[in-house]
Amino acid sequence: MNNALAVASVVVKELYRRKDFYVLFVLTAVITLLMGALNFFNDDKIVRYLKEICLLLIWISALVIAVGTSARQIPSERENRTVFPLLAKPITRGQLIAGKFLGCWLACGLALIVFYLFFGVISVSREHQLPMASYFQALWLHWWMLGVVVAMALLGSVLFAAPSSNATICLLLILGILLLGRHLNKVAVQLAEPMSTVVYVVYFAVPHLELFDVRDLVVHNWDPINWLICVGATFYAAAYAVFFLFAAWLVFRRQPLV
Amino acid sequence: MDQANLFGMEPILKIEDLVVEYRTREFGQRVRIAVNRLSLEVFPGEVFGFLGPNGAGKTTTMNVLLGFVPATRGAAYVFNVNVRDPIARQRIGYLPELTYYYKFLTAEELLRFYARIFRIPRAEVGPRVDEVLKLVELDAARKRPIKTYSKGMQQRVGLAQALINNPDLLILDEPTSGLDPIGRMKVREIIQRLKQTGKTVFFSSHELGEVETVCDRVAILYQGELKAIGRVSELVEKYECNLEQAFLKVVGYNSER
């Protein structure tokens, strides 16, 4: 664990010393503030649209940060040859993968806190209320969803040498799951065999990231979801993250470094 | 003659009948032998030069010693532990050829990171970092990000990270490669200082003058095979010429062609 935490600390330092996060945060803030300054049709409920847009931007930024940071970890270690002095020390490849995951995931968590704090400030300034439980659930489930994304991108980073191709494939896959994942079973029903079975297998195999999207709770100030469901979703995300990390380790442990 | 008997002590590094084969990516997957039945021993306190032209198998051998590449046949041991076991690397310092360290870290942060991996007690990390940064003359630049360092300074950061755990065995892969004469001289001085403190150094180099100055023994590798091994003075005496000419004779290069 010590080695994984040491690697993770370097990944977190990398995130806050690079410009990516700051650029995305400033973009989100500027767009949200500009939208907030406008008033369409004197609609009292326009704040809900503002919150929705802000949350959408936060989701996009978080995905870009998570995939961008994770996809380059192992390839850049190889390209810059920093993996050699690192693995020449008493650290295993499994600990390196675990450290990279922890670092990326914690870095995403820190970025999310900053984004949600900004969102909270905007929300309170307009609505004068802050349903803490719903906000916490939205942040918590979002963070765990990013855990699955980070683990998936790390697996991609040991399979594909180029970070750009890995990032593109991961983003397409994630967007596909978020937009189409919940409809796959309906598609399967309408298909003939054997395609129906194939689509059903895909439906049950892919991580349903859309389950973690509870933006409506905070947009419409709804009551929080049942905490047991929240705990179940956490275990669901943890299981997928562990599966992807295990697969990444299986590939990386035998991979020649030279 | 058995080298252990020759020195009367246990070797710190032992390579036994090592064979490393690569599958090429050409059609039909031809096998290329990078190292062929290499056996050698390095003893405590020695500075051992590992010589050979490009592609001789020096870096591949070092990669096996560090666990980066698996041996096809044979075995290698460091401190009597098989190199496949990560714990074998606890007492090793390694400087790769031409490495770029995490550019967003400072030299001090980099060394603290590596110190953590070696589980050096927190109270000892500060003094150890100070010591190695002074040794490699980077004390004044310790708070600057590595991306602002010159090539020579980066190579010295590499040496500093190789020394952070106060290793008993240093494996240096062409430590002076790409450095200007002053940079080379500084690295050579550091190796000599390490030798005086009783460290064992196993290093590869193309700089035969440097090897002649600092090495106790050398091994010459050519096309993956060990062609000669012994004290520098013995090789010079045997071939009746300087080390450079002896090296050329061993690898079969005829300058009159």
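Note: the structure precedes this text.
In every chain, residue numbers begin from 1 and rise along the written sequence. Whichever chain is written first becomes A and whichever ligand is written first becomes 1, with later ones labelled in order. In keeping with the model being predicted, local features are shown solely for residues with a pLDDT of at least 70 and side-chain atom pairs are shown and tallied solely at 80 or more, while totals for entire chains, interfaces and linings include all residues.

*Asks:* Outline the overall build of chain B, listing residues and values.
*Replies:* Across its full length, chain B holds nine helices and 10 strands. Here chain B has a C-alpha radius of gyration of 19 Å; the compact-globule value for 257 residues is 18 Å, and the two agree. Along the longest, intermediate and shortest principal axes, the C-alpha atoms of chain B span 50 × 45 × 40 Å. Every one of the 257 residues in chain B was classed for burial, and the buried ones make up 44%. In this description, any two residues whose backbone-derived C-beta atoms lie within 7 Å of each other are considered to be in contact. Here the contacts in chain B between residues at least 6 apart in sequence split such that 66% fall between residues at least 24 apart. Secondary structure elements are taken from DSSP: a helix is a run of H or I of four residues or more, a strand is a run of E of two residues or more, and numbering for both begins at the N terminus. Two things to know: the radius of gyration comes from C-alpha atoms, and the globule rule equals 2.2 Å times the number of residues to the power 0.38. Partly exposed residues are those falling between the two cut-offs: more than 12 but fewer than 20 other C-beta atoms within 10 Å of their own, whereas 20 or more means buried and 12 or fewer means exposed, with C-beta atoms placed from the backbone.

*Asks:* A description of the interface of chain A and chain B should follow, citing residues and the corresponding values.
*Replies:* By a widely used convention, the size of an interface equals the accessible area lost when the partners come together. On the chain B side, the residues contacting the 21 residues of chain A number 24 residues. When residues of the side of chain A that touches chain B are traced back to their parent elements, those giving at least two are α1 (2-17) and α4 (83-87) of chain A. Element by element, the count of residues in the side of chain A that touches chain B is highest for α1(A), at seven residues. Asp, Glu, Lys and Arg are counted as charged, while Ala, Val, Leu, Ile, Met, Phe, Trp, Tyr, Cys and Pro are counted as nonpolar; the rest, among them Gly, fall into the polar class. For the side of chain A that touches chain B, the class distribution of residues is 11 nonpolar, five polar and five charged.

*Asks:* Could you give an account of the sheet that holds strand β8 (residues 200-204) of chain B, with specific residues and numbers?
*Replies:* Residues and elements named next belong to chain B. In this analysis, strands are considered paired if DSSP registers two or more bridges between them. If you trace the six strands from one edge of the open sheet to the other, you get β6-β7-β8-β3-β9-β10, paired in mixed fashion. At either end of the open sheet lies a strand with only one pairing partner, and these are β6 (92-95) and β10 (225-231). For this sheet, the mean inter-axis angle between neighbouring strands, taken without regard to orientation, is 15°. Pairing geometry for strand β7 (residues 169-173) and β8, over five bridges, is parallel. Among the inter-strand pairings, L170 is bridged to a residue of β8, identified as V201. Here an axis means a line fitted to C-alpha atoms, over the contact stretch when the element is a helix, while the angle between two N-to-C directions is reported on a 0 to 180 degree scale. Helix α2 (residues 58-65) contacts β3 (47-51), β7, β8 and β9 (217-222) of the sheet and is inclined by roughly 145° relative to β7.

*Asks:* Tell me about helix α3 (residues 46-79) of chain A, residues and numbers included.
*Replies:* All names here are of chain A. Expected span of a helix: the number of residues minus one, times 1.5 Å. In this model, α3 (34 residues) spans 49 Å end to end at C-alpha, consistent with the 50 Å of a helix rising 1.5 Å per residue. Consider a residue and the seven residues that end there alongside the seven that start there; fitting an axis to each set, the bend is the angle between those axes. Along α3, the largest kink reaches about 40° and is centred on Q73; proline P75 follows within four residues of it. At the exit of α3 stands R81, carrying a positive phi of roughly 65°.

*Asks:* Could you give an account of the pairing of strand β1 (residues 13-23) of chain B, naming the residues involved and the relevant values?
*Replies:* Pairing geometry for β1(B) and strand β2 (residues 31-42) of chain B, over eight bridges, is antiparallel. Residue pairing in the sheet places B:K14 in a bridge with B:E41 of β2(B).

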